[in-house]
Amino acid sequence: MGIRIVELLIEYSTLSLNRPFTYIYLKDKLIDRGFRVLVEFNNRKIVGYVLKVEATNKTKEQLQEDYGFKINEIIDVIDNASLLDDNLLELADIISNYYLAPKIAVLQAMLPPSLRPAKSFFKAPKIAYDQYLIVKDINEEGLSPKQIEILRFIAGEEKVLKKEIKSISVVKKLLDLGKLDIVYKEKNRLELPSFEYSEPKILNNEQKKVVQQFLSSDEQVYLLQGVTGSGKTEVYLHICDEYLKQNKTILMLVPEISLTPIMSENFIRRFKGQVAILHSELTPAEKYDEYRRIARGEAKVVVGVRSAIFAPLKDIGVIILDEEHTESYKQDTTPFYHAREVAIFRAKQYGAKVLLGSATPSLESRARAQKGIYHFLRLDKRINEQILPLTTVVNMLDYHNIDRDSYIFSKKLREEIQLCLSKKEQIILLINRRGFSTSISCRKCGHVFKCPNCGIALTYHQKDNMLKCHHCNYMELMSDECPECGSTQFLKTGFGTERIDDEIHRLFPDAKTLRLDSDTAKIRTKIQSTVEAFRQHKADILIGTQMIAKGHDFPNVTLVGIVLADIGLTMPNYRSAERVFQLITQAIGRSGRGDKKGRAIIQTYTPSHYAITMAARQNYDLFYKQEMQIRKSQYYPPYCFMASINISSANEEICIETAYTCAMDLKQQFSNEGEIIGPSAPYISFLNGKYTRVILIKYKNNELAMNIFKKVIESTSHKSQIKVELKIDPYDF
Ligand code: ADP
Ligand code: ZN
Ligand code: ZN
């Protein structure tokens, strides 16, 4: 076999290296586009990703001469089959162009971790036994706060499966230090939970109409707006059934599997062995297996989270996004893609349909449905014909509503909790903040405990007696005295889930509670077991952050309390009202889903804010109207497009200077075709030794904007001390 000239991408995701490199392959293994290869680059062995292969009759020396520089050889070929089919390779180009992201970064995002064109391509060894961690030495001396956190956590649980702890490196260190020990137990073979088959339900008239409209129309994208409890899942299942009959495959996206195992359960019940599950909690090996099962065509239905949009299915018939408004569909690292946009690109390749479902659609989607860009479908009634929960808004500024027994729970909320408990019904309490108190300061000198990395106040966590930064995860042990004046008296202000739990125990000592937030979710399977325990009524009250608002179906819950609705409302982000509205509406929607009437209490300091009044009335349409007016008058999406450019550097001066030149440049190029805001310092402007400035750009002409962005990024990306990131339609800035 002759020499082959190979063009490949390498794992270096700055835009300046976003171009193919040429190598030659002299050996005779099979090599084709989509394969990974091992090459040397700048004296390092790295993995490359083949874009193009061309055979030649020339010798190595002739080629050198032709090219005028030394061409390196490919050391080895890693794969023996292409990882991505032609459609997925084409999709990578589409995404790379749409988000102006390096193609290699797109490929990284598309592949499961064990297949990424990265250094670590060696497959993980097979594990024959499960390894459990136990605490061997409880002495915390000399340990870092992160290590202590894990040690205390494992001590509290007695025995924890090693692979379930997310902080692998901390565990390793603790093992090395002899603080932890491993005990081996024979491994439970991993398999999908087996559920009994369940017959399709007979659709009610509303559901039937929706299914018929979806199947009979030939438009591409559909928005299904269905109130909470209107039976959207059953609609999805019926639609999938139709496509399976036509021998097409189905992609079912959900925000987060561990939060809503019910969706995968429903799909497994209905479609059994044809279902593959893809989510972030699977180990790399498990993901790899599922991925291959899909690629081999054995699984026709994929239920998965955001990245499952890249599942190697063939002949896709329909792509469904449940809870389409959820922000976890947006990737918050390069290439910053949104699964909804990718779904539409991907569906086009197959002539497939896209179904977006939600009780509270994102404003963009609803606006598109309104304009007829998406086909608009609705389910306005709950399945059980129950009215939506009866909701009361309690003004926490009005002292009539509060008494000295508690300043966190109003009289009204306490009464309702009492009533619910006495009827043996269940309660959900939402507080969208974890921890015990949101800031802690010295009573004597006023010193506030702040994060040394990003400067925001540290949150006190009582269970492990630690101070944690909710932004960068920095943590330290709570000290007994003030580092400034030595006083031992502290003031704790603000409250989170942990404090609510505490308060409930004080006021209702007999009530059993469960807590669900990202602290308790340190263990992979903890979320599922908590949700399951609550569903089986092993506790009366579930306390949690936004995690508890999503898609759960707890038939015995008749009261939902929003402990403080205002959290997040004052964030300087044009989406904050939409976020709060969606969160409250979804949370209230957990009440009264069974045969008993539901109630909800919203506690707030801004009882007349439209996001709160409309959520209390569960009236999405009114909220939509009002919010659209505001977006229009302030010129925000969906009335324009928006992008952000983040500029960061370890050198503050260079950061600020580059940001200013960049903004000037943008202003000049956009002229009156766009609005440039900033540069400004973001909420966290200094993180891990890097300064950041943000420029926001609002525009109408997408093509023009893309050309300008390309130029601006290219002109800054060669500077070595500067990192420039472009986000199309940013969620946080
Ligand atoms: P949504 O996702 O719209 O909030 P779900 O899909 O969770 O609502 O449905 C709510 C409940 O109604 C579920 O328990 C579901 O099994 C049940 N359900 C849905 N459709 C039907 C039907 N046609 N007949 C009987 N029960 C149904
Ligand atoms: Zn002090
Ligand atoms: Zn921090």
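The preceding data block contains the structure.
Bear in mind the structure is a predicted one, so any value in this text is a computation, not a measurement.

Student: Help me get a handle on unusual backbone geometry, residues and values and all.
Tutor: Cis peptide bonds are those with omega within 30 degrees of zero, and the linkage from Thr334 to Pro335 qualifies with 5°. Positionally, Pro335 belongs in the loop between strand S13 (316-321) and helix H10 (339-350). For the bond from Pro637 to Pro638, the omega torsion is 5°, close enough to zero to count as cis. For Pro638, the position within the fold is in the loop between helix H17 (620-634) and strand S27 (641-649). With phi around 65°, Asn247 is a residue other than glycine that occupies positive phi space. Tracing the backbone through its elements, the reader meets Asn247 in the loop between helix H7 (232-245) and strand S10 (249-253). Notably, His537 is not glycine yet its phi reads approximately 60°, a positive angle.

Student: Can you explain the sheet that holds strand S21 (residues 475-477)? Please cite residues and give values.
Tutor: Spatially, three strands are ordered S19-S20-S21 in an open sheet, and the strand pairing comes out antiparallel. Of all the strands in the sheet, just strand S19 (459-461) and S21 have a single pairing partner and so form its edges. When strand polarity is set aside, the average angle formed by the axes of neighbouring strands in this sheet is 30°. Pairing geometry for S19 and strand S20 (residues 466-468), over three bridges, is antiparallel. Bridged to His461 within S20 is Met466.

Student: Describe the packing of helix H2 (residues 86-98) against helix H3 (residues 103-110), and please don't skip the residues or the numbers.
Tutor: Orientation of H2 relative to H3, taken along the N-to-C sense of each, is 125°, at an axis distance of 9 Å. As summarised for this structure, H2 and H3 are arranged oblique, according to the angle between their axes. Considering how the two elements wind past one another, H2 and H3 form a crossing that is right-handed. Taking contact as the criterion, the partners of Leu88, Leu91, Ala92, Asp93, Ile95 and Ser96 in H2 are, on H3, Lys103, Val106, Leu107 and Met110. A per-class count over the contact of H2 with H3 returns seven nonpolar, one polar and two charged.

Basis of the calculations
Residues numbered from 1 in each chain as written. Chains lettered and ligands numbered in written order. Predicted model: local features only at pLDDT ≥ 70, side-chain atom pairs only at ≥ 80, totals over all residues. Heavy atoms only, no water. Helix = DSSP H or I, 4+ residues; strand = E, 2+ residues; numbered from the N terminus. Pairing = 2+ DSSP bridges. Axes fitted to C-alpha atoms, helices over the stretch in contact; angles between N-to-C directions. Parallel < 35°, antiparallel > 145°, perpendicular 65-115°, else oblique. Left-handed = near helix turned anticlockwise from the far one by under 90°. Contact = heavy atoms within 4.5 Å. Nonpolar A, V, L, I, M, F, W, Y, C, P; charged D, E, K, R; others polar.

It is worth stressing that arrangement in space is one thing and function is another; only the former is reported here.
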